[in-house]
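For reference, the chains in residue letters:
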Amino acid sequence: MSQEYTAPREVVETAEVPEPGAVTIVVPTFNESANVRQLLRLITDSVPARLPCEVVFVDDSTDDTPAVIEQAAQDCPFPVTVLHREEPAGGLGGAVVEGLKAATSDWIVVMDGDCQHPPSLVPDLVATGERANAGLVVASRYIKGGSRAGLAGGYRIAVSRGATWLTKALFPRRLHGISDPMSGFFAIRRSAVTAEILQPLGYKILLELAVRSRPRTVTEVPFVFQDRFAGESKSTAREGMRFLRHLAGLRAASPVARMVGFGLIGLTGFVPNLLGLWALTALGMHYVPAEVLANQLGVAWNFLLIEHLLFRERRRHRRGWDRAGRFALLANADLALRIPLIALFVHRMHLGVLSATALALVTTFVLRFAATEALVYLPRRGREKPARDDRTARRAA
């Protein structure tokens, strides 16, 4: 864990937030060895004179970034800690969560390690949060005084604006008052964070915080997005796909949304089912066994989508083969249950065949959704949580 920083008397008397260790700056890094020395220099020049601080790097690098940080930290007037993760679960967002857990200050500022977020704004973020009694202060590129100048090229600008529009459209209430939910530069009170409920995927941790545990009072300050000091952007097509999966997982967090998503995924399962049925019957197979086999294609398709889009954060409760077997059993039981239900609705409730079939489809869908949640993805009762291996090396630089 990091060392405690004691501010000189003259700083204590003039600082806007007077408590020692008033802010922890969390910096997630992945192969940023060419940038971290400059970043620490900028923090040294602009933050400690106005606000006591500590810096926590959470590093997933495969290069010499940790060693460069440790060397550069020798010239810093504040404590610097490096947490190197052997298994970078959750990407840069997961790294931020580790930093939130390690922070010792009342305020935590999250910023990138490529110098595109100006450290000179850190004291203003904290001071704005104190004045507004806010729990979250977002540095925004999209309010008056802000700029996205550091985004290289029209393609990245278009992607950033499109992602912003999409997230605000999907979460209008949660993101109300946040003009830049894609920002990676913000300050949050430690008391406003419940790190255990966060399930980050990729690098958009502000979106995760805003949707899952957004503080009641949120404010913004403008900032100018700077050019990258060195190296190349980590934004790739793969990160874009992780972002879309993250959005789907967040949107499916409520039971109603999960049920709607479950139904939509079930509808898409008709495509591989019908294609399989066509192929098997074209090969000469009788339609009854062909229907049974083709149904398994739809089951497999639905299972893959549900695993990655609806229940990603619950997969750890059971092994993959266990989840797949239970899901397949429930999906095939749906067929066996539907026919008796149709007969019951026709002969006992005197419904027409079409009405009985529709009612049976709805009934079995609700039962299958409830059974999938309860029997496939909920934790087992009384099961102890597995001991977590400590694969994060903590070094005070």
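Summary of the structure given here. Values in this document were obtained by computation on a predicted structure and should not be read as measured data. (Residues numbered from 1 in each chain as written. Predicted model: local features only at pLDDT ≥ 70, side-chain atom pairs only at ≥ 80, totals over all residues. Heavy atoms only, no water.)

Here's the deal with the overall build of the chain
Looking only at helices and strands, one finds 13 helices and eight strands in the chain. When burial is assessed residue by residue, the chain has 49% of its 397 residues classed as buried. Looking at the chain alone, contacts between residues at least 24 apart form 79% of all its contacts between residues at least 6 apart. Of the accessible surface of the chain, which amounts to about 20,100 Å², a share of 59% is contributed by carbon and sulfur atoms. (Helix = DSSP H or I, 4+ residues; strand = E, 2+ residues; numbered from the N terminus. Buried < 20%, exposed > 50% of the residue type's maximum accessible area, 1.4 Å probe, protein only. Contact = heavy atoms within 4.5 Å. Areas by Shrake-Rupley, 256 points an atom, 1.4 Å probe, with all protein chains shown as cover.)

Describing helix 10 (residues 270–282)
Under the 1.5 Å per step criterion, the end-to-end length of helix 10 is 18 Å for 13 residues, consistent within 8% with the ideal 18 Å. Turning to helix 10, its buried residues are Pro 272, Asn 273, Gly 276, Leu 277 and Leu 280. Taken end-on, helix 10 shows its buried residues confined to a sector of 135 degrees, consistent with a single buried face. Along helix 10, the residues that are exposed and aim more than 90 degrees away from the buried face are Val 271, Leu 274, Leu 275, Trp 278 and Ala 282. Phi turns positive, to about 100 degrees, at Gly 284, one or two residues after helix 10. (Expected span 1.5 Å × (residues − 1). Arc of directions from axis to C-beta.)

Focus: the side chain of Ser 183
Residue placement: Ser 183 occurs in the loop between helix 6 (153–170) and strand 6 (186–189). Looking at Ser 183, the relative accessible area reads 4%, which means it is buried.

Examining the environment of Tyr 287
Within the element layout of this structure, Tyr 287 appears in helix 11 (residues 287–309). The exposure class assigned to Tyr 287 is exposed, which follows from its relative accessible area of 55%. Distance from Tyr 287 to Leu 277, taken between C-alpha atoms, is 7.7 Å for residues 10 residues apart in sequence.

Things to note about the pairing of strand 5 (residues 136–140)
Burial of strand 5 is extensive: five of the five residues sit out of reach of the surface. Across the two faces of strand 5 the burial is the same, with Leu 136, Val 138 and Ser 140 and Val 137 and Ala 139 all buried. Examined bridge by bridge, strand 5 and strand 6 share three bridges and lie antiparallel to one another. In the sheet register, Val 137 faces strand 6, and the bridge partner there is Ala 187. (Pairing = 2+ DSSP bridges.)

A short note on the side chain of Arg 85
Assignment of secondary structure puts Arg 85 in strand 3 (residues 80–85). Residue classification places Arg 85 among the buried positions, given a relative accessible area of 5%. Side-chain polar atoms of Arg 85 contact the side chain of Asp 60, separated by 2.8 Å. (Polar contact = N/O pair within 3.5 Å; in protein donor to acceptor, adjacent residues only side chain to side chain.)

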